[in-house]
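Residue strings, one per chain:
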Amino acid sequence: MEEILKDLLDGKIDIVTAKNKLRVTNIKAVAEVAKLDINRAQRTGAPEAILAQGKSSEDVQKLALAMVQENGYVLITRAKEEDIALLKDKLPEGYELNINQRARTIILKRQDYLFPKAGKIGLLAAGTADISLAEEVVVTAEVMGCTVIKAYDVGVAGIHRLYGPLTEMIEEKVSAIVVVAGMDAVLPIVVSSNVDIPVIGVPSSVGYGMGKEGMAGLMTMLQTCSPGLAVVNIDNGFGAGVFAALIARQSSVQSSN
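Keep in mind that this is a model prediction, so the values were computed, not measured. (Residues numbered from 1 in each chain as written. Predicted model: local features only at pLDDT ≥ 70, side-chain atom pairs only at ≥ 80, totals over all residues. Heavy atoms only, no water.)

Just give me the short version of the overall build of the chain, but keep the residues and values in it.
Along the chain, the regular secondary structure elements total ten helices and eleven strands. If one aligns the C-alpha atoms of the chain with their principal axes, the spans along those axes are about 65 × 45 × 30 Å. Relative to its 257 residues, the chain shows a buried fraction of 46%. Taking all contacts inside the chain whose residues are at least 6 apart in sequence as the whole, residues at least 24 apart take part in 63%. Looking at the chain, you have 26 positive and 30 negative side-chain charges, and the mean spots of the two groups are 4 Å apart. (Helix = DSSP H or I, 4+ residues; strand = E, 2+ residues; numbered from the N terminus. Buried < 20%, exposed > 50% of the residue type's maximum accessible area, 1.4 Å probe, protein only. Contact = heavy atoms within 4.5 Å. Lys, Arg positive; Asp, Glu negative; His and termini not counted. Charge placed at Lys NZ, Arg CZ, Asp CG, Glu CD.)

Explain the nonpolar core residue by residue, including any values.
Membership of the largest hydrophobic core comes to 30 residues, with the highest contact counts inside it found for Ile-121, Leu-123, Val-178, Val-180, Ile-200, Val-202 and Ala-240. Of all the secondary structure elements, the ones that give two or more residues to this core are strand S4 (73–77), strand S7 (120–125), helix H6 (131–143), strand S9 (177–181), strand S10 (199–203) and helix H10 (237–256). Ranked by residues supplied to this core, first place goes to H6 with seven residues. With residues up to four places along the chain from it excluded, the contact list for Ile-200 reads Ile-177, Val-178, Val-179, Leu-229, Ala-230, Val-232, Ala-240, Phe-243, Ala-244 and Ile-247. One finds Ile-149, Ala-151, Ile-177 and Ile-189 within the second-largest nonpolar core, a separate group that totals 21 residues. (Core = buried A, V, L, I, M, F, W, Y, C linked by side-chain atoms within 4.5 Å.)

Describe the side chain of Asn-100, naming the residues involved and giving the relevant values.
Counting through the fold element by element, Asn-100 comes out in strand S5 (residues 95–100). There is a polar contact of 3.1 Å between the side chain of Asn-100 and the backbone nitrogen of Arg-102. Within the structure, Asn-100 has its side chain in polar contact with the backbone nitrogen of Ala-103 (distance 2.9 Å). Apart from the residues lying within four places of it in its own chain, the contact partners of Asn-100 are Thr-105, Glu-135 and Val-139. (Polar contact = N/O pair within 3.5 Å; in protein donor to acceptor, adjacent residues only side chain to side chain.)

Account for unusual backbone geometry, with residues named and values stated.
The phi dihedral of Arg-78 falls on the positive side, at around 55°, and the residue is not glycine. Mapping Arg-78 onto the fold places it in the loop between S4 and helix H5 (81–89). Arg-78 gets classed as buried once you look at its relative accessible area, which sits at 18%. Phi at Arg-104 is positive, roughly 60°, even though this residue is not glycine. With respect to the secondary-structure elements, Arg-104 resides in the loop between S5 and strand S6 (105–110).

Outline the sheet that holds S7, supporting the account with residue identities and numerical values.
Taken together, five strands build an open sheet; the order of strands is S8-S7-S9-S10-S11 and the sheet is parallel. Lying at the two open borders of the sheet, with one neighbouring strand each, are strand S8 (147–152) and strand S11 (229–231). Taken pair by pair, the neighbouring strands of this sheet meet at an average axis angle of 25°, ignoring direction. Note that S10 and S11 share three bridges and pair parallel. Directly across from Val-199, in S11, lies its bridge partner Leu-229. Packed on one face of the sheet, helix H9 (residues 215–222) meets S9, S10 and S11 and runs near 155° to S10. (Pairing = 2+ DSSP bridges. Axes fitted to C-alpha atoms, helices over the stretch in contact; angles between N-to-C directions.)

Geometry only, nothing functional implied.
Printed below as a string of structure tokens:
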């Protein structure tokens, strides 16, 4: 993009030619696998991520190597053991892998790449069965620049365990709180009705009986009368992490102004 704009300023190309060239650079084809939106980071503040679920490990590897060249890093979610093994085997010189087995995420990055700093968020997981999903939130928010203050196993079955961590998050002036909960999914409602901070509920597919793989929790969150609660889809830790990070970024911009 810089080369095209320089050529335009130097008079080597006209405006129409520059526009056509820029339109082409918005999309980058990766073999026959995908078309990458390489300017998404400029528009939204974060590049595309790779959802490994449903993709072959070979396709994940091709996409990851193409994307890291554009952005300096790439986040891969729902990664499989085969994805990790292939990326380790084909890791280019000067790059490194950060693997979170519990979150099922991989970060491929240049060794000299530094993530930006952009505010704080809180993270609560109702039960230990929800930690894997909560860790997906952590990884996503951290690559977008957030510091994450987290507390696990603080659900309504032992709600006294919530008070200390929640007090700390308020004192640390987090910009948003993500709450991951399965079963009856009451914890996000309890939290949102007691704080003046945006709360993002993540229903998990963990639970007994009529949980319906997270549908009961999702419906409970959606029909609550607590107005400070936003809800993402079942098991969508990535979406919750992005949403919380965007709130934190905006809050840090306003604070600096």
